[in-house]
Amino acid sequence: MRHIPYRATPLVWALTACLLSTSIFATRLFADANLGDSLVIVDLEPPRAGNVLESFSFRSLKNKLISWDESARSLKINDSALNLEALILHVFQPDCGKCKSLAVSLQALSAKYSDSNIFVLGIAHRKQPAESKAFAKKHDLTYPILVATDTEWGRRWGRGDAFYIVGSSGLVVYSQTGYNSSDPESWGHVVDDLIGSRRNLITEPKRKRFHVGDTLPNIQLPSLGDRSPMTLSVLGNDLSLTKAGAKEQKYRASIGFFSRF
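Calculation notes
- The residue numbers shown here count from 1 along each chain, following its written sequence.
- Note on the predicted model: pLDDT of at least 70 is required for a residue's local features to be given, and 80 or more for side-chain atom pairs to be given and counted; whole-chain, interface and lining totals, by contrast, use all residues.
- Heavy atoms from the whole structure form the basis of all side-chain values; hydrogens and water molecules are not counted.
- To qualify as a nonpolar core, a set must consist of buried Ala, Val, Leu, Ile, Met, Phe, Trp, Tyr and Cys residues joined through side-chain atoms within 4.5 Å.
- Only protein chains enter the accessibility calculation, which uses a 1.4 Å probe; a residue whose area is less than 20% of its type maximum is buried, one above 50% is exposed, and one in between is partly exposed.
- Strands are runs of DSSP state E lasting at least two residues, helices are runs of H or I lasting at least four, and both sets are numbered from the N terminus onward.
- Contacts: residue pairs with any heavy atoms within 4.5 Å of one another.
- What makes two strands pair is DSSP finding at least two bridges between them.
- Axis definition: a line fit to C-alpha positions, over the contact stretch in the case of helices; interaxial angles, taken between N-to-C directions, run 0 to 180 degrees.
- Between the rings of Phe, Tyr and Trp (Trp by its six-membered ring), a pair exists once the centres lie within 6.5 Å; its type follows the angle of the planes, with under 30 degrees stacked, over 60 edge-to-face, and the other angles tilted.
- Here the expected length of a helix is defined as 1.5 Å per residue gap, with one fewer gap than residues.
- Here, the arc refers to the directions that run from the helix axis to the C-beta atoms.

## What to know about the nonpolar core
Formed by 27 residues in total, the largest nonpolar core has its most connected members in Ile-88, Leu-106, Phe-163, Ile-165 and Trp-187. Looking at this core, the elements that each hand over two or more residues are strand S8 (86-92), helix H1 (97-112), strand S9 (118-124), helix H2 (129-138), strand S11 (163-167), strand S12 (172-176) and helix H4 (183-195). The element best represented in this core is H1, accounting for five residues. Apart from residues lying up to four places away in sequence, Phe-163 is in contact with Ile-88, Leu-89, His-90, Leu-102, Leu-106, Tyr-174, Ser-175, Gln-176 and Trp-187. In terms of nonpolar packing, the next biggest core, distinct from the first, is built from 20 residues, Trp-68, Leu-87, Leu-89 and Trp-153 among them.

Structure (structure tokens):
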């Protein structure tokens, strides 16, 4: 948790855009009355490589109880324990555009390892079962889809609609948010290393992640209102927003929300 000086201004910029290849992470900002004009930043990134997969127990769309026991390092379907080499989890929302693209690639990976001890699970952390059923049917998904809507596990592990590869020890060895068509190649290398008991060198996609302290890159996207181009740019220490046919506006702060929808 960090505190940075901040003076409130009436100018707040909100941008909703389709993010195609940049990984997503969430950051919550809030003011604490006891800190005067300070702004508190709390990191809300999903778990990452190095975390231990927390226990869960959810029903699948076919009404099977599928559970992971963190202490026993055991994956079960109903009461039957599975011999596990790797567990692949996609925690998603059925109305998320990028989730659809990822699920299609994950189906191909599931088919590739169908005769091995590699288990693939989709876990819906939002929306109702009917929407997840429609999602699975539309994209011809054969791997199990679990329902974790309104659960604490779903809120923690579903941040950013995350994807995880977990070893038999229960340790997350690879994680990502967002999706790019180049990602499945990395998944294959990670799974093959787990099968071969080799040290895993890939823990996340090669796509750049933004971190506190990074300079915001110039962003040019169409407005959702009239499709006219909008540009948010940083020149020196000046942050400016430009829209076609409008006067350039300078800001002391910008709050951007990037959406995959």
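## What about the pairing of strand S14 (residues 229-235)?
Walk down a regular strand and you will see the side chains alternate between the two sheet faces. Two strands pair when backbone bridges link them, and strand S13 (residues 219-222) and S14 are joined in this way by four bridges, in the antiparallel orientation. The residue of S14 that forms the bridge with Gln-220 is Thr-231. Remark: six residues form the turn of the hairpin made by S13 and S14, two consecutive strands paired antiparallel; Arg-227 in that turn has positive phi of roughly 70°. Hairpin connection, S14 to strand S15 (residues 238-243): the antiparallel pair is bridged by two residues, and Gly-236 has positive phi, about 65°.

## Quick look at the sheet that holds strand S4 (residues 56-59)
Strand order in the open sheet made by the four strands is S4-S5-S6-S7, with antiparallel pairing throughout. Unpaired on one side and paired on the other, S4 and strand S7 (80-82) mark the two borders of the sheet. For this sheet, the mean inter-axis angle between neighbouring strands, taken without regard to orientation, is 20°. The sheet contact formed by strand S5 (residues 65-69) and strand S6 (residues 74-77) spans four bridges and is antiparallel. Counted as the bridge partner of Asp-69 is Ser-74 from S6.

## Quick notes on the packing of aromatic side chains
The full count for this structure, using the stated rule, is nine aromatic pairs. Residues Phe-163 and Tyr-174 carry aromatic rings whose centres are separated by 6.2 Å and whose planes lie at 85° to one another, so their mutual orientation is edge-to-face. Of this pair, Phe-163 sits in strand S11 while Tyr-174 sits in strand S12, placing them eleven residues apart in sequence. Phe-163 sits in the buried class, given a relative accessible area of 0%. By the ring-pair criterion, three or more aromatic residues cluster together here, those being Phe-56, Phe-58, Trp-153, Trp-157 and Tyr-164.

## Let's talk about the side chain of His-139
Residue placement: His-139 occurs in the loop between H2 and strand S10 (145-147). Of the residues examined, His-139 reaches a relative accessible area of 17% and is grouped as buried.

## Quick word on unusual backbone geometry
The backbone of Arg-73 shows a phi angle near 55°, a positive value even though the residue is not glycine. The residue Arg-73 is located in the loop between S5 and S6 in this model. Accessibility expressed as a relative area gives 52% for Arg-73, which makes it exposed. One non-glycine residue, Asp-150, lies in the positive phi region at around 60°. You can see Asp-150 is positioned in the loop between S10 and helix H3 (152-157). Under the relative-accessibility criterion, Asp-150 is labelled exposed at 63%.

## Focus: H4
Given a rise of 1.5 Å per residue, 13 residues ought to cover 18 Å, and the 19 Å separating the end C-alpha atoms of H4 matches this to within 8%. Those residues of H4 that sit buried are Asp-183, Ser-186, Trp-187, Gly-188, Val-190, Val-191, Asp-193 and Leu-194. Buried residues in H4 make contact with S8, H1, S9, S11 and S12.

## Brief notes about H2
Buried within H2 we find Ser-132, Phe-135 and Ala-136. Considered in projection along H2, the buried side chains sweep an arc of 95° and stay on one side of the axis. Exposed residues on H2 whose side chains face more than 90 degrees from its buried face are Ala-130, Lys-137 and Lys-138. Buried residues belonging to H2 abut S8, H1, S9 and S10. Looking one or two residues past H2, Asp-140 carries a phi angle of roughly 55°, positive in sign.

## A look at the sheet that holds S8
Within the open sheet, the five strands sit side by side as S10-S9-S8-S11-S12. Their pairing is mixed. Each edge of the open sheet is held by one strand with a lone partner, namely S10 and S12. In this sheet, neighbouring strand axes are inclined to one another by 20° on average, regardless of whether the strands run parallel or antiparallel. One ladder, built from seven bridges, connects S8 with S9; its direction is parallel. Looking across to S9, one finds that Phe-92 is bridged to Ala-124. Most of the contacts of H1 go to S8, to which it runs at about 160°, and overall it touches S8, S9, S11 and S12.

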